[in-house]
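An overview of the molecular structure
Read off the chains here:
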Amino acid sequence: MKLRYIEIFLALARTPNMRDVASRLFISQAGVSSSLRGLESELGTPLFDRVGRGLRLNEKGRLLASRLAPLYRRLDDSIHLVMSDAMVGDLRLGASTTLADYALPQILYDFKKRHELVNISFESASTQEVLRRVESGEVDMGFVEGAVHTPRVRTTVLREENLVVVTADEPLAAAGPYAIEELMQKNWLIRQEGSGTRETFLQQVMQRGLSPNIFLELSNNEAIKTVLHNPDTLVCISPLVVDTELRHGEFFTVPLKDVTFSRRFMQVLHRNQPPSPLLQSVTDAVIETLSQ
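Residues numbered from 1 in each chain as written. Predicted model: local features only at pLDDT ≥ 70, side-chain atom pairs only at ≥ 80, totals over all residues. Heavy atoms only, no water.

For the chain, the count of helices and strands is 12 helices and 11 strands. Here the chain has a C-alpha radius of gyration of 30 Å; the compact-globule value for 292 residues is 19 Å, and the former is much larger. When the backbone C-alpha atoms are referred to their principal axes, the chain occupies close to 100 × 40 × 30 Å. Among the 292 residues that make up the chain, the fraction classed as buried is 43%. Taking all contacts inside the chain whose residues are at least 6 apart in sequence as the whole, residues at least 24 apart take part in 74%. Roughly 15,600 Å² of accessible area belongs to the chain as shown, and the carbon and sulfur atoms make up 51% of that amount. (Helix = DSSP H or I, 4+ residues; strand = E, 2+ residues; numbered from the N terminus. Rg over C-alpha atoms; globule rule 2.2 N^0.38 Å. Buried < 20%, exposed > 50% of the residue type's maximum accessible area, 1.4 Å probe, protein only. Contact = heavy atoms within 4.5 Å. Areas by Shrake-Rupley, 256 points an atom, 1.4 Å probe, with all protein chains shown as cover.)

See the structure below:
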C-alpha cells in the first residue's frame, strides 16, 4: 500500500472535496480519485459513500481515519525530523569496562542534555566482546582500551593512558621504587580474559621474560578494589578506576624504575561503516572530555 494513498485518504476524510484536496496536495482531481479507488481496491471495501457529486465517510472510513490519523502524523513528523539538520537518532554504543564505568556515563549524560532527540543505549563488556559486537553490527560504535587485532574494524585514537600499579599496603608502596622483577612474587589481581587492562599488563611483563604470581582473576574492577585491601597484594589498573581511593589515601601507587604500562583508548567502527555526523559528534565529545 502506498503512503500517498493514506495521505490522500486522510486529506479527504478532513475535507471530503476532491477539488480542494487536489489543490492542497498539488495534484490533479483525477490523481485524487485514482488514489482513493486504489486504496479501496486494496482494502476490498468502500470508505466513502458517494452522495450526489460529493463524498461522505462511511462507518469503515470513519474507523480507518480515526486509527490512521495519529499514526500518520507520527510517521510524517519522524520523516521530517530525520530529514532535518537536527541531531537526532537512536544510538547503540558499546564500551570496555574501564571506559563504561568511569568515563563515558557522564559524557553521554551531558551529550543527551545537549541533544534531547538522541536516544542512547549503552552496553558494557570486555574489549574483545565490544569488538565482536561492532563487527556483527550489534552496536553502532565501540570504545575500547588496549590493542585491537581484527582487520574488520577501523580505529581512532582518543588518548593515551599509563596504567598504575596500586596497593592498599602503604609500607609496600613506600619502599619503592622497584624494578618490576622484584614484584612478580607478590599477590597479583588481574581481570579476566578479553580485558584490555589485562592484555597491556601481561604483554609488558612477558616481553621481559617474567611471569607474575596471578593470585586471583576477577571479572570486574569493583571486586578487584575490594580484595586489594589485603597485604602484599597488587594490581595494574587504570588510574580512572582508583582515582578516588588514591586521593583519599585508601590506595597507594607503587613507584617503578623501569617499566611503563602504556595503552590507548580508541573509538571503533566497522570498517565498512562511514562515520555519521551523530557518531562523529559523540566521538568529539568523548575526545574533548578525555583530553582534559
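This part takes up the pattern of salt bridges. A complete count under the given rule lists 18 salt bridges for this structure. The partner of Asp140 in a salt bridge is Arg92, with the nearest N and O atoms 2.9 Å apart. You can see Asp140 sitting in the loop between helix H7 (127–136) and strand S5 (141–145) and its partner Arg92 sitting in strand S3 (residues 89–96), a full 48 residues away along the chain. Of the charged contacts in the structure, one is a salt bridge between Glu129 and Arg133, with a shortest N-O distance of 2.9 Å. Here the residue Glu129 and the residue Arg133 both occupy positions in helix H7, the gap between them amounting to 4 residues, near one helical turn. (Salt bridge = Lys/Arg side-chain N within 4 Å of Asp/Glu carboxyl O.)

Turning next to helix H3 (residues 29–43). For H3, built from 15 residues, the straight-helix expectation of 21 Å at 1.5 Å per residue is met to within 8% by its first-to-last C-alpha distance of 21 Å. Taken as a whole, H3 has its buried residues at Val32, Ser33, Ser35, Leu36, Gly38, Leu39 and Glu40. Looking at the buried side of H3, the elements it contacts are helix H1 (3–14), helix H2 (18–25), strand S1 (48–51) and strand S2 (54–57). At the exit of H3 stands Gly44, carrying a positive phi of roughly 75°. (Expected span 1.5 Å × (residues − 1).)

A pair of packed helices is captured by two measures, namely the crossing angle of their axes and the spacing between those axes. Taken N-terminus to C-terminus, the directions of helix H6 (residues 104–114) and helix H12 (residues 277–290) make an angle of 130°; their axes are 10 Å apart at the nearest point. Considered as vectors, H6 and H12 are oriented oblique to each other. Handedness of the H6/H12 crossing: right-handed. For the pair H6 and H12, contact is made by Leu104, Ile107, Leu108, Phe111 and Arg114 and by Leu278, Ser281, Val282, Ala285, Val286 and Thr289, respectively. (Axes fitted to C-alpha atoms, helices over the stretch in contact; angles between N-to-C directions. Parallel < 35°, antiparallel > 145°, perpendicular 65-115°, else oblique. Left-handed = near helix turned anticlockwise from the far one by under 90°.)

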